[in-house]
Amino acid sequence: QVRVVESGGGLVQPGGSLRLSCVGSGITVSRYHMGWYRRAPGKQRELVAQISSGGTINYSDSVKGRFTISRDDAENTVALQMNNLKPEDTAVYFCKARPTWTTSFQYWGQGTQVTVSS
C-alpha cells in the first residue's frame, strides 16, 4: 500500500544530464525526510542527496555542484536533477522516505538504473 517509486533512469553520455523522479503512494512526501541513494557495481549503497521535511538539503561531496534535489508537494514527488554526469555516477539509484516522527523504519524504492557511458 505504501510505496515510493523511482523513474527516469537510462543511458546517457558523459557530460549529459538526467532527471530522476520519486513519487510517493500512500504517504505524503512533505511529511518525510527524503533521500536519493545509489549503489554502483561492487560497491555499497551510498547517500547522494537528501532533503528534510523542513527543506534542509545535503549532498555528498562527489555530486555537489552537479546534482540538485527538489520536492514538488503538488505532485508528491522528489526529483534529482543530475548534470555533467560522469561514468562513476553509473549505479542503481534508490529513493528513500523516512518518517519525521520516528527512526524505526523507512520506505525504499526498488531503484532505477543510471548508466553513464560513451
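Residues numbered from 1 in each chain as written. Predicted model: local features only at pLDDT ≥ 70, side-chain atom pairs only at ≥ 80, totals over all residues. Heavy atoms only, no water.

Colleague: Where do I start with the sheet that holds strand E1 (residues 3-7) in this structure?
Modeller: Within a beta sheet, neighbouring strands are joined by backbone hydrogen bonds and run either parallel or antiparallel to one another. Strand order in this open sheet of four strands is E1-E3-E8-E7, and the pairing throughout is antiparallel. Each edge of the open sheet carries a strand with a single partner, namely E1 and strand E7 (67-72). Neighbour-to-neighbour, the strand axes of this sheet turn through a mean angle of 15 degrees, independent of strand direction. Direction of pairing for E1 relative to strand E3 (residues 18-25): antiparallel, over a ladder of five bridges. (Pairing = 2+ DSSP bridges. Helix = DSSP H or I, 4+ residues; strand = E, 2+ residues; numbered from the N terminus. Axes fitted to C-alpha atoms, helices over the stretch in contact; angles between N-to-C directions.)

Colleague: What is the right way to look at the pattern of salt bridges in this model?
Modeller: Once the charged atoms of two side chains with opposite charge are near each other, the side chains can pair. Inspection of the entire model under this criterion finds five salt bridges. Between glutamate 46 and arginine 38 there is a salt bridge, with the nearest N and O atoms lying 2.9 Å from each other. Relative accessible area serves as the criterion here: at 32%, glutamate 46 is assigned to the partly exposed category. Linking aspartate 89 and arginine 66 is a salt bridge whose minimum nitrogen-to-oxygen distance equals 2.7 Å. (Salt bridge = Lys/Arg side-chain N within 4 Å of Asp/Glu carboxyl O. Buried < 20%, exposed > 50% of the residue type's maximum accessible area, 1.4 Å probe, protein only.)

Colleague: I keep staring at the pairing of E3 and nothing clicks. Help me out?
Modeller: Within a regular strand, the side chains alternate between the two sheet faces. On E3, burial follows the alternation: Leu18, Leu20, Cys22 and Gly24 on one face are buried, whereas Arg19, Ser21, Val23 and Ser25 on the facing-out side are not. Across six bridges, E3 lies against strand E8 (residues 77-82) in antiparallel orientation. Directly across from arginine 19, in E8, lies its bridge partner glutamine 81.

Colleague: Whenever I open this one, the state of the cysteines confuses me. Can you help?
Modeller: Working definition of a disulfide: a covalent bond connecting the sulfur atoms of two cysteines. Enumeration over the complete set of coordinates arrives at one disulfide. Covalently, cysteine 22 is tied to cysteine 95 through a disulfide, its sulfur atoms 2.0 Å apart. Taking the sign of the S-S torsion, -75 degrees for the link of cysteine 22 and cysteine 95, the bridge is left-handed. Of this pair, cysteine 22 sits in strand E3 while cysteine 95 sits in strand E9 (residues 91-99), placing them 73 residues apart in sequence. Judged on exposure class, the residue cysteine 22 and its partner cysteine 95 are both buried. (Disulfide = S-S within 2.5 Å.)

Scope: geometric values only; no functional claims are made or implied.
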